[in-house]
Amino acid sequence: MTKIIIDPKDNVGVNLTGDGNVPAGHKYALRDIKEGEKIIKYGNVIGRATKDVKEGEWVHTHNLKSNLDEESTYHYQFSAVTPKKQHATFLGYKRSDGNVGIRNEIYIIPTVGCVNNVCIRLANEAKKLVCGSIDGVYALTHQFGCSQLGEDNGNIKKLLSSIALNPNATFVLIVGLGCENNSLEGVIEYLKPFNRDNIAYFNCQDVEDEHEYGLKILTDFINKAKDLKREEVDLSTIRIGLKCGGSDGYSGLTANPLVGKITDRIVGFGGSAILTEVPEMFGAEQILMNKCESEQIFLEYEKMIKDFKNYYISQGFPVYENPSPGNKKGGITTLEEKSLGCIQKAGSSKIVDVLPYGEQVKKHGVSVLNAPGNDLIASTALASSGCQLVLFTTGRGTPFSTFVPTMKIGTNDLISSRKSNWIDFNAYSMDEDGLWNLILKTLNGEYKCKSEDVREIAFYKTGVTL
């Protein structure tokens, strides 16, 4: 058995190669463990033994269960670090508001799903005209925008408006129908304070021929965007989104810690990183709380955690309704174990802000964003907060991409080689400089993520639909 012991306090190790009766990426007992005894991994409790476990025996769902419950108390004891400040540049597209894009793209955003087909047709026609430095024209379709009540109605407006603000978008066309709840007028009013001069709007019901009208706008956008050139800009303008999906027993050993090192580099260069997946912080939230730069940030983060737990409880579900079947097959047994691996993407830097869903990054450093763990919903939320690039670690593999480049970082050799058409980087090597250089090539436009032609968005819906 090729094994690894993560922390001296652990009473389980990880089998890396799948020798004997313990599958690859799964846990085994380092000593005899009694029924009811705490199981320790990453130096923290990941659950309790449901029966006696012998030294060397496989530890998984048949003899381990979560130790979480709905009630938790928290405290604040600052324990983060401040990375050494550095300076570097890359080649990007300067925007009038001071932000920088890593792509020269045009977005078409429907206010309501009823006009999805109009936006798709416009995008297909406009793609025929793409030339020069333009990277693409994308219709970012969705199924919502009407019949949502309460908070959902406000959140869909906020999300779509935030997508329009992403610095990768050189120009944006927002297409409404004319009778939806998420009215074009409301979107325009929301975006007014941002003073953006690169966004056009129209309602299909207000024009005679929506395709002719929209294509005229897009043709003008293309003529203006095709001659844009990349310029040398400071790396402090970069904001990366941190996401894991299809996690396995290697995620907390390879890809997530490696991305954590990248996070610390980005912060050291004055940039920003955003961590989300709130339910996948349960069981590890105290570690993140101790990274909050002030007691006020700690209180905001604590409230976000408690509100999310109360949301679960109000819907009649336990807070530990996780991991997924794929996670378990890959070696993750409990939510605590999953969370302790998940949060490593944030590195060792302090947390400087807590962001509500759909809002923009405000501070340099690591921010925590309120959104669920669902891959597409969370990745959309990260990109909507202003991230130009999402780093997505995965042990099981996935072909999706949100509306900004989504770099897939494999946790193990098998998925990285078997799904080389999905995976951009194999983190099993733990090659920090290799991943950093690939990220720089992506920022400079020299590398295109393997899923980059796929552009999808998803909305975090919590309320009633009429």
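Just above sits the structure.
Anyway, here's the lowdown on the structure attached to this text. The shown structure was predicted, so the numbers you read here are calculated from the model rather than taken from an experiment.

With that settled, consider the overall build of the protein. A tally of regular secondary structure across the protein gives 12 helices and 21 strands. On C-alpha atoms alone, the protein measures out to a radius of gyration of 23 Å, which is about the 23 Å that the 2.2 N^0.38 rule sets for 466 residues. Along the first, second and third principal axes, the C-alpha atoms of the protein reach 75 × 45 × 40 Å. Across the 466 residues in the protein, those meeting the buried criterion constitute 58%. Carbon and sulfur atoms provide 49% of the accessible area of the protein, an area that totals close to 18600 Å².

With that settled, consider the pairing of strand β11 (residues 136–139). On β11, burial covers both faces: Gly 136 and Tyr 138 on one face and Val 137 and Ala 139 on the other are all buried. Where strand β10 (residues 105–110) and β11 come together, four bridges link them in parallel fashion. The partner of Ile 106 across the bridge, within β11, is Val 137. On the question of chirality, the crossover connecting β10 to the parallel β11 by way of helix α1 (residues 116–127) is right-handed.

In this section: the side chain of Glu 180. Checked against the element boundaries, Glu 180 lands in the loop between β12 (169–176) and α3 (184–191). Of the polar contacts made by the side chain of Glu 180, one reaches the side chain of Thr 111; its length is 2.5 Å. Reaching out from Glu 180, the side chain makes a polar contact with the backbone nitrogen of Gly 178 at a distance of 2.7 Å. Those residues in contact with Glu 180 that sit more than four places away from it in its chain are Thr 111, Val 112, Gly 145, Cys 146 and Asn 203.

As a further point, take the packing of aromatic side chains. Enumeration according to the criterion identifies 17 aromatic pairs in this entry. Aromatic side chains Tyr 107 and Phe 403 sit 5.7 Å apart centroid to centroid with 90° between the ring planes, which places their arrangement in the edge-to-face category. You can see Tyr 107 sitting in strand β10 and its partner Phe 403 sitting in the loop between β19 (389–394) and β20 (406–410), a full 296 residues away along the chain. You'll find Tyr 107 and Phe 403 in the same group, each marked buried. Above the face of the Trp 422 ring, Lys 419 is positioned so that its terminal group lies 4.3 Å from the ring centre. Across from the ring centre of Tyr 138, 4.1 Å away, lies the NZ or CZ of Arg 455, which sits over that ring.

On to the environment of His 142, then. With respect to the secondary-structure elements, His 142 resides in the loop between β11 and α2 (151–164). Among all residues touching His 142, those that are not within four sequence positions of it are Pro 110, Thr 111, Val 112, Gly 113, Asn 116, Ile 156, Leu 160 and Ile 457. Of the polar contacts made by the side chain of His 142, one reaches the backbone oxygen of Pro 110; its length is 2.6 Å.

With six of its six residues buried, strand β15 (residues 239–244) lies for the most part within the structure. In this structure, β15 lies alongside strand β16 (residues 272–275), joined through four bridges in parallel fashion. Looking across to β16, one finds that Gly 241 is bridged to Ile 274. Traced from β15 through helix α5 (residues 255–268) to β16, the parallel crossover comes out right-handed. Sheet analysis places β15 next to β19, joined by five bridges and oriented parallel. Looking at the pairing, Ile 240 lines up with Leu 389 of β19.

So, how was this worked out
- Residues numbered from 1 in each chain as written.
- Predicted model: local features only at pLDDT ≥ 70, side-chain atom pairs only at ≥ 80, totals over all residues.
- Heavy atoms only, no water.
- Helix = DSSP H or I, 4+ residues; strand = E, 2+ residues; numbered from the N terminus.
- Rg over C-alpha atoms; globule rule 2.2 N^0.38 Å.
- Buried < 20%, exposed > 50% of the residue type's maximum accessible area, 1.4 Å probe, protein only.
- Areas by Shrake-Rupley, 256 points an atom, 1.4 Å probe, with all protein chains shown as cover.
- Pairing = 2+ DSSP bridges.
- Right-handed = clockwise from strand over helix to strand, strands pointing away.
- Polar contact = N/O pair within 3.5 Å; in protein donor to acceptor, adjacent residues only side chain to side chain.
- Contact = heavy atoms within 4.5 Å.
- Phe/Tyr/Trp six-rings, centres within 6.5 Å; stacked < 30°, edge-to-face > 60°.
- Lys NZ or Arg CZ within 6 Å of the ring centre and 35° of its normal.

Coordinates in, geometry out; function isn't part of it.
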